[in-house]
Amino acid sequence: MAAAAEHEDRKSTAREYYEALLIAIIFVNFARIFVFQAFKIPSPSMEDNLKVGDHLVVNKFIYGPPAGLLDGLMPLREIERGDIIVFRYPENPDQDYVKRVIGLPGDTVEIKDKKVLVNGRLLAEPYVIFTDEGIVPDRPALPEPWRSRDQMKPRKIPEGQYFAMGDNRDQSADSRYWGNVPRGFIKGRPFMVYWSYEGAPPPAGAGAREHARSLVNVARNFFAKTRWHRMFFIVDSEYHYTPGIESYGH
């Protein structure tokens, strides 16, 4: 009898651990799908606000799902001009991009000599940097993407779509070239840098050997190349930093 009772106790304890583990897995997956997502910056298109090697926590809860069972149950807010967003790249939905919302549904966006006009008014953009002082002239004979970089005819943004651009305007592949971002492609808004490493990740399509080499390099240089001053940095729509300055503040 005592042995049987001990066996039952062990089964009960094992079942409790199993149930706790199952609940934890369900919670983590729910949070990953609906609340938070990790994302790392692979390119300089959002400098100088977000740097290559920044690892972000993306708030997927803020905008909520575009439609469905959970619609209306979350504390939603509308996507606003100036928001930095993470979204599925329209030309390759398996790849995530991060850009800034410039044009909202119904807006007309135009670019003249690198200056952005929304609905005919000049948009104040203190966060923007330019790495090329030259301005591509508005000549129809010039090939793309050069002309659209600095000159773009007025574009009306359809309902349910958004015009997004990188802060590093001369080094950003964005809506100027591949079009608008559908609402359903927007995953959320980055809100915190949880780790920042001074080094470019392996390029897209890199093999297992390159990824392994990258991991070894990170392990060797973790303390030396971690940007400690950017740890737990809160991402905001208005922050802007001067290139070359390493002592960033909040």
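Let me sum up the structure you'll find in this document. (Residues numbered from 1 in each chain as written. Predicted model: local features only at pLDDT ≥ 70, side-chain atom pairs only at ≥ 80, totals over all residues. Heavy atoms only, no water.)

### Remarks on the overall build of the chain
Right, on to step 1. Looking only at helices and strands, the chain features four helices and twelve strands.
Right, on to step 2. Across the 250 residues of the chain, 40% fall into the buried class.
Right, on to step 3. Pairs at least 24 residues apart make up 62% of the contacts formed inside the chain by residues separated by at least 6 positions. (Helix = DSSP H or I, 4+ residues; strand = E, 2+ residues; numbered from the N terminus. Buried < 20%, exposed > 50% of the residue type's maximum accessible area, 1.4 Å probe, protein only. Contact = heavy atoms within 4.5 Å.)

### Quick look at the nonpolar core
Right, on to step 1. F87, V181 and I186 are the most contacted members of the largest nonpolar core, which totals 15 residues.
Right, on to step 2. For this core, the secondary structure elements donating two or more residues are β3 (84-89), β4 (92-103) and β9 (161-165).
Right, on to step 3. Ranked by residue count, the leading element in this core is β3, at three residues.
Right, on to step 4. Ignoring anything within four residues of it in the chain, the contact list for F87 reads Q95, D96, Y97, V98, K99, A164, W178, V181, F185, I186 and K187. (Core = buried A, V, L, I, M, F, W, Y, C linked by side-chain atoms within 4.5 Å.)

### Looking at the sheet that holds strand β5 (residues 108-112)
Right, on to step 1. Spatially, four strands are ordered β7-β6-β5-β8 in an open sheet, and the strand pairing comes out antiparallel. The outermost strands of the open sheet, each flanked by one partner alone, are β7 (121-122) and β8 (152-156). (Pairing = 2+ DSSP bridges.)

### Quick word on the environment of K114
Right, on to step 1. If you trace the backbone, K114 turns up in the loop between β5 and β6 (115-118).
Right, on to step 2. Overall, the relative accessible area of 10% leaves K114 in the buried class.
Right, on to step 3. Considering only alpha carbons, one finds K114 and M152, 38 residues apart in sequence, at a separation of 9.0 Å.
Right, on to step 4. In this structure, K114 is in contact with F130, D132, E133, G134, I135, R149, D150 and D170, ignoring residues within four places of it in sequence.
Right, on to step 5. Side-chain polar atoms of K114 contact the side chain of D170, separated by 3.3 Å. (Polar contact = N/O pair within 3.5 Å; in protein donor to acceptor, adjacent residues only side chain to side chain.)

### Some thoughts on the pattern of salt bridges
Right, on to step 1. Under the definition given, this model contains 16 salt bridges.
Right, on to step 2. A salt bridge links R77 to E80, with the shortest nitrogen-to-oxygen separation between them at 3.6 Å.
Right, on to step 3. Taking the relative accessible area as the measure of exposure, R77 reaches 23% and is therefore partly exposed.
Right, on to step 4. R100 is the salt-bridge partner of D167, the closest N and O atoms lying 2.7 Å from each other. (Salt bridge = Lys/Arg side-chain N within 4 Å of Asp/Glu carboxyl O.)

### Observations regarding the packing of aromatic side chains
Right, on to step 1. Scanning the model with the defined rule gives ten aromatic pairs in all.
Right, on to step 2. Ring plane angle 25° and centroid distance 5.6 Å describe the contact between W195 and F222, whose orientation is recorded as stacked. Here W195, found in strand β11 (residues 186-196), pairs with F222, found in helix α4 (residues 208-225); they are 27 residues apart in sequence, far enough to count as distant.
Right, on to step 3. An angle of 90° between the planes, with centres 5.1 Å apart, marks the rings of F222 and F223 as edge-to-face.
Right, on to step 4. Under the relative-accessibility criterion, F222 is labelled partly exposed at 28%.
Right, on to step 5. Through successive ring pairs, a cluster of aromatic residues spans W195, Y197, F222, F223 and W228.
Right, on to step 6. The lysine or arginine in question, R230, covers the ring of F233, its NZ or CZ lying 5.1 Å from the ring centre. (Phe/Tyr/Trp six-rings, centres within 6.5 Å; stacked < 30°, edge-to-face > 60°. Lys NZ or Arg CZ within 6 Å of the ring centre and 35° of its normal.)

### Digging into unusual backbone geometry
Right, on to step 1. Residue D48 follows E47 across a cis peptide bond; omega there is 20°.
Right, on to step 2. Checked against the element boundaries, D48 lands in the loop between β1 (36-40) and β2 (54-59).
Right, on to step 3. Notably, D113 is not glycine yet its phi reads approximately 50°, a positive angle.
Right, on to step 4. If you trace the backbone, D113 turns up in the loop between β5 and β6.
Right, on to step 5. You will see that K114, though not glycine, has its phi angle at about 75°, which is positive.

### Quick look at the pairing of β3
Right, on to step 1. Of all six residues making up β3, five are buried, and the element is well covered by its neighbours.
Right, on to step 2. Two elements, β3 and β4, share six bridges in a ladder whose sense is antiparallel. Bridging across to β4, Y89 finds its partner in N92.
Right, on to step 3. Two successive antiparallel strands, β3 and β4, enclose a turn made up of two residues.

Don't take any of this as a statement about function, it's just geometry.
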